[in-house]
Amino acid sequence: MSSDVKVNEIEVQLLELGKSPQDNGLLELIVSRPDLGERQVLEQAELNAEFGLLGDNWLTRGSRHTDDGSSNPAVQITLMNRRVIQAIEPDRDRWPLAGDQLFVDFDLSADNLPAGQRIRIGSVVLEISQEPHTGCKKFNERFGSEATRLVNSPAGRQQRRRGVNARVIQPGTVTVGDAIIKIDSTV
């Protein structure tokens, strides 16, 4: 099967799944990454501005994109649209391998959530980051070059098919099933 055929199959699946809501979404899956290569699916999680998702390795892992190797607050929390990951990987048990912490049924496109836009999930407020979230080597190894090509295409980047980065503005608790709403950025 050619890679173009596989990309087209994923796009057809996305069309069949329909569009995610732009204003009132849903948190469908929470994943903690306690250590490299480890995933823990949670029903509920605490998020705060210092540590991100408690129990996740974001702070201790650091970043190769900061001058001193410290964690980048702009990429503290990652969200991925569940319809996109479902089109790429129908087996929900494999979704945590994407490396994102929050899987949502919500329109993550740049048009709907520009950098600086805030959203509320449970008692938490997140601010969408300017930092792009793209398909990397690990995503490619886990889901294939076709999926990576789809999420990194110009349309994929505009629609943020690979997801979006955010930082915690207001700490609190998120629970699977929580509503997601856009809020005014003057919380």
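Fair warning: this is a prediction, and the values are worked out from it, not measured in the lab. (Residues numbered from 1 in each chain as written. Predicted model: local features only at pLDDT ≥ 70, side-chain atom pairs only at ≥ 80, totals over all residues. Heavy atoms only, no water.)

A short note on unusual backbone geometry
Across the chain, the bulk of peptide bonds are trans and the bulk of non-glycine residues have phi less than zero. Worth spelling out the cut-off: Summary of the burial criterion: residues with accessible area below 20% of their type's maximum are buried, those above 50% are exposed, and those between are partly exposed, where the area comes from a 1.4 Å probe applied to protein chains only.
Although it is not a glycine, Arg160 adopts a positive phi angle of roughly 55°. Arg160 gets classed as buried once you look at its relative accessible area, which sits at 15%.

Side note on a nonpolar patch on the surface
Quick note on the threshold: Grouping into patches uses exposed residues only, defined as over 30% relative accessible area, and leaves out salt-bridged ones; the cut-off is 9 Å for like charges and 5 Å for nonpolar side chains (Val, Leu, Ile, Met, Phe, Trp, Tyr). In short, Shrake-Rupley with a 1.4 Å probe defines the accessible areas, and a residue's cover is counted only from the protein chains shown. By definition, a salt bridge exists where a carboxyl oxygen of Asp or Glu is found within 4 Å of a side-chain nitrogen of Lys or Arg. Each helix is a run of H or I in the DSSP string that is no shorter than four residues. Each strand is a run of E no shorter than two, and both are numbered from the N terminus.
A cluster of nonpolar side chains, contributed by Phe51, Leu54 and Leu59, occupies part of the molecular surface with about 240 Å² of accessible area. Relative to the helices and strands, Phe51 is located in the loop between β3 (44-48) and β4 (52-53).

Some remarks on the pairing of strand β11 (residues 179-183)
Side chains on a regular strand alternate between the two faces of the sheet. For clarity, the cut-off: Two strands are counted as paired when DSSP detects at least two bridges linking them.
Taken together, the three bridges between strand β1 (residues 24-32) and β11 define a ladder with antiparallel strand orientation. Its bridge partner lying in β11, Leu26 is registered against Ala179. Strand direction decides the pairing type here: strand β7 (residues 118-121) and β11, joined by four bridges, are antiparallel. Within β11, the residue paired with Ile119 across the bridge is Lys182.

A look at the sheet that holds strand β10 (residues 172-175)
Pairing within the open sheet is antiparallel, and its three strands lie in the order β4-β3-β10. The strands lining the two open edges of the sheet, one partner per strand, are β4 and β10. Bridge count between β3 and β4: two bridges; the pairing is antiparallel. Its bridge partner being in β4, Leu47 is matched across the sheet by Leu53.

Notes on the pattern of salt bridges
On inspection of all chains with the given rule, the structure shows 10 salt bridges. Among the salt bridges present, the one from Glu28 reaches Arg92, with a minimum N-O distance of 3.9 Å. With Glu28 in strand β1 and Arg92 in the loop between α3 (82-88) and β6 (102-105), the pair connects residues that are 64 residues apart, well separated along the chain. Judged by its relative accessible area of 36%, Arg92 falls in the partly exposed class. Put simply, Asp105 and Arg82 hold a salt bridge, and the shortest N to O gap is 3.7 Å. Within this pair, whereas Asp105 is found in strand β6, its partner Arg82 is found in helix α3, the two being separated by 23 residues in sequence. Of the two residues, Asp105 and Arg82, neither departs from the other in class, the shared state being buried. Each of Glu28, Arg82, Arg83, Arg92 and Asp105 takes part in a single network of salt bridges with overlapping partners.

These figures capture arrangement, not role.
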